[in-house]
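# Descriptive analysis of the structure
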Amino acid sequence: VTVGCGVDRDDCAALMPNGTLVLSVSKDTYVELGLEGKPSAYQRGARHVVEINLTADFCKPEKKYYKRLLWCLSDRLQLTFPFVFVYGADGSPFSAEQLSQDLGVKCTRCTVTRTHRPWYHVD
C-alpha cells in the first residue's frame, strides 16, 4: 500500500495479495491516465478506481496490453508511489526479491512502527 497519502484526497495505489494493482485517483488523473476504471463508490464523479490484474495472461511483457499499461503509468503521467509491502512465505504470491527481479523495483527492508493518533470528540 502507498504511504503518505490519503485515499480520499490523493492519488494512491495498493498491490493486493492476489496480484491486483488498485489505483484510487482523482478525476483529472483518471482522464489523463487513459485506463479503464469505475467511479469511486464513496466520491462519485470526483474519484475513480482502476483495478489491474497483474497476474493475468494479457499482462505479460510480450502482450500489447502490458506495453500500453507501462505507457499509461510511466510516459503519460509518470506516476510514482512510495510503497510498503508486507509479505511472507505462507503462500503469498509475491516477495520483495521477486518484485525486484521481475519488475526491476528497488526494494529496501524497513521497519514500520504504529502511530497512535489522538481522538477528539466535538459537541
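Residues numbered from 1 in each chain as written. Predicted model: local features only at pLDDT ≥ 70, side-chain atom pairs only at ≥ 80, totals over all residues. Heavy atoms only, no water.

### Regarding the overall build of the chain
Put simply, the rule reads: Secondary structure elements follow DSSP: runs of H or I of four or more residues count as helices, runs of E of two or more count as strands, with numbering from the N terminus. When a residue's accessible area, from a 1.4 Å probe over protein chains only, is under 20% of the maximum for its type it is buried; when over 50% it is exposed; and in between it is partly exposed. The criterion used for residue contact is that any of the two residues' heavy atoms lie within 4.5 Å. Here the open area of atoms and residues is found with the Shrake-Rupley method and a 1.4 Å probe, where only the protein chains shown may cover a residue.
Along the chain, the regular secondary structure elements total 3 helices and 4 strands. Walking the chain from its N terminus toward its C terminus, one meets helices and strands in the order β-β-α-β-β-α-α. Among the 123 residues that make up the chain, the fraction classed as buried is 25%. Pairs at least 24 apart in sequence give 46% of the contacts found in the chain among residues at least 6 apart. For the chain, the exposed surface amounts to about 9500 Å²; the carbon and sulfur share of it is 54%.

### Some thoughts on helix 2 (residues 64-76)
Stated precisely, the cut-off is as follows: Relevant arc is that of directions from the helix axis to the C-beta atoms, nothing else.
Those residues of helix 2 that fall on the buried side of the exposure criterion are Tyr66, Leu69, Cys72 and Leu73. Looking down the long axis of helix 2, one finds its buried residues gathered within 130° of arc, a one-sided arrangement. Of the exposed residues in helix 2, the ones pointing more than 90 degrees away from its buried face are Lys64, Lys67 and Asp75. Looking at the buried side of helix 2, the elements it contacts are strand 2 (20-26), helix 1 (27-33) and strand 4 (47-53).

### Some details on the nonpolar core
Basically, it comes down to this: Remark: nonpolar core denotes a set of buried residues (Ala, Val, Leu, Ile, Met, Phe, Trp, Tyr, Cys) joined through side-chain atoms within 4.5 Å.
If you look at the biggest cluster of nonpolar residues, it comprises 15 residues, and the most contacted ones within it are Leu23, Leu33, Leu35, Val50 and Ile52. Looking at this core, the elements that each hand over two or more residues are strand 1 (12-15), strand 2, helix 1, strand 4 and helix 2. When sequence neighbours within four positions are dropped, the list of residues in contact with Val50 reads Leu21, Val22, Leu23, Tyr30, Leu33, Leu35, Glu36 and Gly37.

### Points about the packing of aromatic side chains
Here a ring pair, both rings aromatic, is described through the centre-centre distance and the interplanar angle of the planes. Applied cut-off: We call Phe, Tyr and Trp rings a pair once their centres come within 6.5 Å, taking the six-membered ring for Trp, and we label the pair stacked below 30 degrees between planes, edge-to-face above 60, and tilted otherwise.
A complete count under the given rule lists 1 aromatic pair for this structure. Measuring from centroid to centroid gives 5.0 Å for Phe58 and Tyr65, while their planes differ by 90°, and the two rings are edge-to-face. Residue Phe58 is classed as partly exposed on the basis of its relative accessible area, which comes to 43%.

### Some details on the environment of Cys72
In this structure, Cys72 sits in helix 2. For Cys72, a relative accessible area of 0% translates into the label buried. For Cys72 and Gly34, which are 38 residues apart along the polypeptide, the C-alpha to C-alpha distance reads 6.5 Å.

### A few points about the sheet that holds strand 1
Let me state the cut-off plainly: A pair of strands is treated as paired once DSSP finds two or more bridges between them.
One open sheet accounts for 4 strands, arranged 1-2-4-3; its pairing is antiparallel. On the outer flanks of this sheet lie strand 1 and strand 3 (38-39), each paired with one strand and no other. As defined by bridge partners, strand 3 adjoins strand 4 across 2 bridges and the pair is classed as antiparallel. Looking across to strand 4, one finds that Lys38 is bridged to Val49.

### Thoughts on the side chain of Thr20
We count it as follows: We define a polar contact as two N or O atoms separated by no more than 3.5 Å, with the added condition that, inside protein, one atom must be a possible hydrogen donor and the other a possible acceptor, whereas residues neighbouring each other in sequence contribute only through side-chain atom pairs.
Secondary-structure assignment places Thr20 in strand 2. Residue Thr20 is classed as buried on the basis of its relative accessible area, which comes to 13%. Looking at Thr20, its side chain comes within polar contact range of the side chain of Asn18, at 3.0 Å. Ignoring any residue separated from it by four or fewer positions in sequence, one finds Thr20 in contact with Ala14, Leu15, Glu51, Ile52 and Asn53.

### Quick look at the pairing of strand 1
Burial along strand 1 is two-sided: Cys12 and Ala14 facing one way and Ala13 and Leu15 facing the other are all buried. In this sheet, strand 2 lies alongside strand 1 in antiparallel orientation, the contact comprising 4 bridges. Note on strand 2: the bridge partner recorded for Leu15 is Leu21. Linking strand 1 to strand 2, which pair antiparallel, is a turn of 4 residues; within it Gly19 sits at a positive phi near 95°.

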